[in-house]
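For reference, the chains in residue letters:
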Amino acid sequence: MRTSEKADALLALARLETQLAALRLKVMAAADDVAEESGARDVAAWLAHESHDAPAACRADLHLGTALDSRWTRLAAGITAGAVNLAQARVIARALDELPDDLDPALLVQAEEHLVEAAGEYRPDQLRVLSRRILDVIAPEIGEAEEAKQLAREEERAWETTSLTLTRRGDGTTRLTGLLPDAAAVRLATYLDAFTSPRQQSTTAMPQHRARGQAFCALLEHLDPAKLPDHGGDATTVMVTIDHAALAKDLAAAAGLVGTDDKITAAQARRLACTAQIIPVVLGGKSEILDLGRTRRHFSPAQRKALRLRDQRCRGENCTVPASWCEAHHWKPWSKDGKTNLADGILLCSHHHHRAHDNRYSSERMPNGDIRFHRRN
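The sections below set out a description of the structure shown in this document. Quick caveat: nothing in here was measured; it's all calculated off a predicted structure.

1. A few points about the overall build of the protein
Next, step 1: Looking only at helices and strands, the protein features 16 helices and 11 strands.
Next, step 2: Among the 377 residues that make up the protein, the fraction classed as buried is 33%.
Next, step 3: Partitioning the contacts of the protein with sequence separation of at least 6, the portion at a separation of at least 24 is 49%.
Next, step 4: As displayed, the protein offers around 23800 Å² of accessible surface, 55% of which is attributable to carbon and sulfur atoms.

2. A closer look at unusual backbone geometry
Next, step 1: Positioned with a positive phi, H52 is a non-glycine residue whose angle comes to about 60°.
Next, step 2: Mapped onto the elements of the fold, H52 is located in the loop between α3 (43-51) and α4 (55-70).
Next, step 3: Note on H52: relative accessible area 73%, which makes it exposed.
Next, step 4: Located in the positive-phi region is Q312, a residue other than glycine, with phi close to 70°.

3. Concerning the pattern of salt bridges
Next, step 1: Considering all chains together, one arrives at 15 salt bridges under this definition.
Next, step 2: Between E5 and R2 there is a salt bridge, and its shortest N-O distance comes to 3.3 Å.
Next, step 3: Of the charged contacts in the structure, one is a salt bridge between R360 and D358, with a shortest N-O distance of 2.6 Å.
Next, step 4: Judged by relative accessible area, which is 17%, D358 ranks as buried.
Next, step 5: Salt bridges sharing common partners tie together R310, D311, R313, R315 and D370.

4. What about α3?
Next, step 1: Considered for burial, the residues of α3 that qualify are V43, A44, L47 and A48. Down the axis of α3, the buried side of the element spans an arc of 135°, and every buried residue falls inside it.
Next, step 2: Of the surrounding secondary structure, the elements contacted by the buried residues of α3 are α1 (3-29), α2 (32-38) and α4.
Next, step 3: Just downstream of α3 lies H52, where phi reads positive at about 60°.

5. Things to note about the side chain of R315
Next, step 1: Relative to the helices and strands, R315 resides in the loop between α15 (301-311) and β8 (327-330).
Next, step 2: Of the polar contacts made by the side chain of R315, one reaches the backbone oxygen of N368; its length is 2.6 Å.
Next, step 3: Other than its neighbours up to four places away in sequence, R315 contacts I346, L347, L348, N368, G369, D370 and I371.

6. Points about the side chain of D358
Next, step 1: When you line up the elements, D358 lands in the loop between α16 (350-356) and β10 (361-365).
Next, step 2: Among the polar contacts listed, one links the side chain of D358 to the side chain of R360, at a separation of 2.6 Å.

7. Concerning a negative patch on the surface
Next, step 1: On the surface, D32, D33, E36 and E37 cluster together into a patch of negative charge.
Next, step 2: Tracing the backbone through its elements, the reader meets E36 in helix α2.

8. Some remarks on the environment of L75
Next, step 1: Note on placement: L75 falls in helix α5 (residues 73-80).
Next, step 2: Considered as a pair, L75 and A93 are 18 residues apart in the sequence and their alpha carbons are 7.9 Å apart.
Next, step 3: Every residue in contact with L75, bar those within four places of it in the chain, is listed here: L68, V84, A89, I92, A93, E112 and V116.

9. Focus: the packing of helix α6 (residues 86-97) against helix α8 (residues 124-132)
The relative placement of two packed helices is expressed as an angle between their axes plus a distance between the axes.
Next, step 1: Viewed as axis vectors pointing N to C, α6 and α8 meet at an angle of 15°, and their least axial separation amounts to 9 Å. Judged by the angle between their axes, α6 and α8 are roughly parallel. Along this stretch, α6 crosses α8, giving a crossing that reads as right-handed. Judged by residue contacts, A87, Q88, V91, I92 and A95 of α6 engage P124, L127, R128 and S131 from α8.

10. Overview of the packing of helix α11 (residues 182-195) against helix α12 (residues 208-222)
Next, step 1: Taken N-terminus to C-terminus, the directions of α11 and α12 make an angle of 95°; their axes are 8 Å apart at the nearest point. Viewed along their axes, α11 and α12 adopt a mutual orientation that is roughly perpendicular. Of the residues in α12, those in contact with L188, A189, Y191, L192, D193 and F195 of α11 are R212, A215, F216, A218, L219 and H222.
Next, step 2: Here the contact of α11 with α12 is built from residues that sort into nine nonpolar, one polar and two charged.

11. Some words on the nonpolar core
Next, step 1: L68, W72, L75, I79, V84, I92 and L99 are the most contacted members of the largest nonpolar core, which has 32 residues in total.
Next, step 2: Breaking this core down by element, the ones donating at least two residues are α1, α4, α5, α6, α7 (105-118) and α9 (134-138).
Next, step 3: In terms of residues, this core owes the most to one element, α6, which gives seven residues.
Next, step 4: In this structure I79 touches T18, Q19, A22, L68, V84, L86 and A89, once residues within four positions along its chain are discounted.
Next, step 5: Ranked by size, the runner-up nonpolar core spans 15 residues in total, among them C326, I346, L348 and Y361.

12. Quick word on the state of the cysteines
Next, step 1: Evaluation of the coordinates by the stated rule reveals zero disulfides.
Next, step 2: You can see C349 has no disulfide; the closest cysteine sulfur is in C314, sitting 3.7 Å from it.

The rules behind the values
- Residues numbered from 1 in each chain as written.
- Predicted model: local features only at pLDDT ≥ 70, side-chain atom pairs only at ≥ 80, totals over all residues.
- Heavy atoms only, no water.
- Helix = DSSP H or I, 4+ residues; strand = E, 2+ residues; numbered from the N terminus.
- Buried < 20%, exposed > 50% of the residue type's maximum accessible area, 1.4 Å probe, protein only.
- Contact = heavy atoms within 4.5 Å.
- Areas by Shrake-Rupley, 256 points an atom, 1.4 Å probe, with all protein chains shown as cover.
- Salt bridge = Lys/Arg side-chain N within 4 Å of Asp/Glu carboxyl O.
- Arc of directions from axis to C-beta.
- Polar contact = N/O pair within 3.5 Å; in protein donor to acceptor, adjacent residues only side chain to side chain.
- Patch = residues over 30% accessible without salt bridge, like charges linked within 9 Å, V, L, I, M, F, W, Y side chains within 5 Å.
- Lys, Arg positive; Asp, Glu negative; His and termini not counted.
- Charge placed at Lys NZ, Arg CZ, Asp CG, Glu CD.
- Axes fitted to C-alpha atoms, helices over the stretch in contact; angles between N-to-C directions.
- Parallel < 35°, antiparallel > 145°, perpendicular 65-115°, else oblique.
- Left-handed = near helix turned anticlockwise from the far one by under 90°.
- Nonpolar A, V, L, I, M, F, W, Y, C, P; charged D, E, K, R; others polar.
- Core = buried A, V, L, I, M, F, W, Y, C linked by side-chain atoms within 4.5 Å.
- Disulfide = S-S within 2.5 Å.

As structure tokens, this is what we get:
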């Protein structure tokens, strides 16, 4: 086949598939007797069983077929002619179903005709946007008020369906699955993009989903517990227990998160101890508490301001992440008698802060105050 023949064939096949689907929907809409004869709940359940198709997909097809047969005859004609594909039809049918019940029938016909005609030019996602403003096109005098009601319904439905699940995978990671209102999702994306330093020219390319995942972890570490609701009668706090000997040495996995069976490395515990949001509980030989996040262990707000004023940016070599996105780090670890003062404090971005506590890297202080990291052999 020549290129032009392939193009013509693809378009013709797409139209034929749509027309065939339209015929199937029309038969489904008139096939109650098939369900009755077999004792099925409805023809969608019967078809899903007999064809091994997904029940949800069959129910959606039955709903659309019934709507086309009883209400949206102009839309049905467009599908039958192959001018409106099924994805577009679902968008249009839903938009028409959501129009006010007391809308003038003439306006309802006008809305259906306008959207069917628009299907010749717009994709389903574009039609979804257009359908939300259809009343502005056919009846501007009532469009604005109805749009406000529709938005209110959407916001209420979004809040009612909001969900978040955390599923342990058993390999040190937890799968986070959620459904958020659009407004909350936009806020979350904005916060995460701030942590991913969009102005920063990273030397290592990272997919956006990984960068945002790491940014989400950084966001949690920067939350101020004082501004969270009380938890168990006290300020919301995460505590990490670790033996003093393990904290001073480079043991691999010696720290535990209070209230769980989870373990983290001593290096991770030392890094978390640099932030005031995490309280490290240091234990002696008989598990007695030697230190419970003493104030002198953490840099005060005034000290952090002074560090930002002095360092201006992350002091990792050649790093330009601004100070406002950085964390205060003890150049000499507190667990090894380091002092919480400006001389021993330095600002590091999240990436370099992890490097500073990663046993796979050594570090040295450069004459200009920057820190250079080396991968150990």
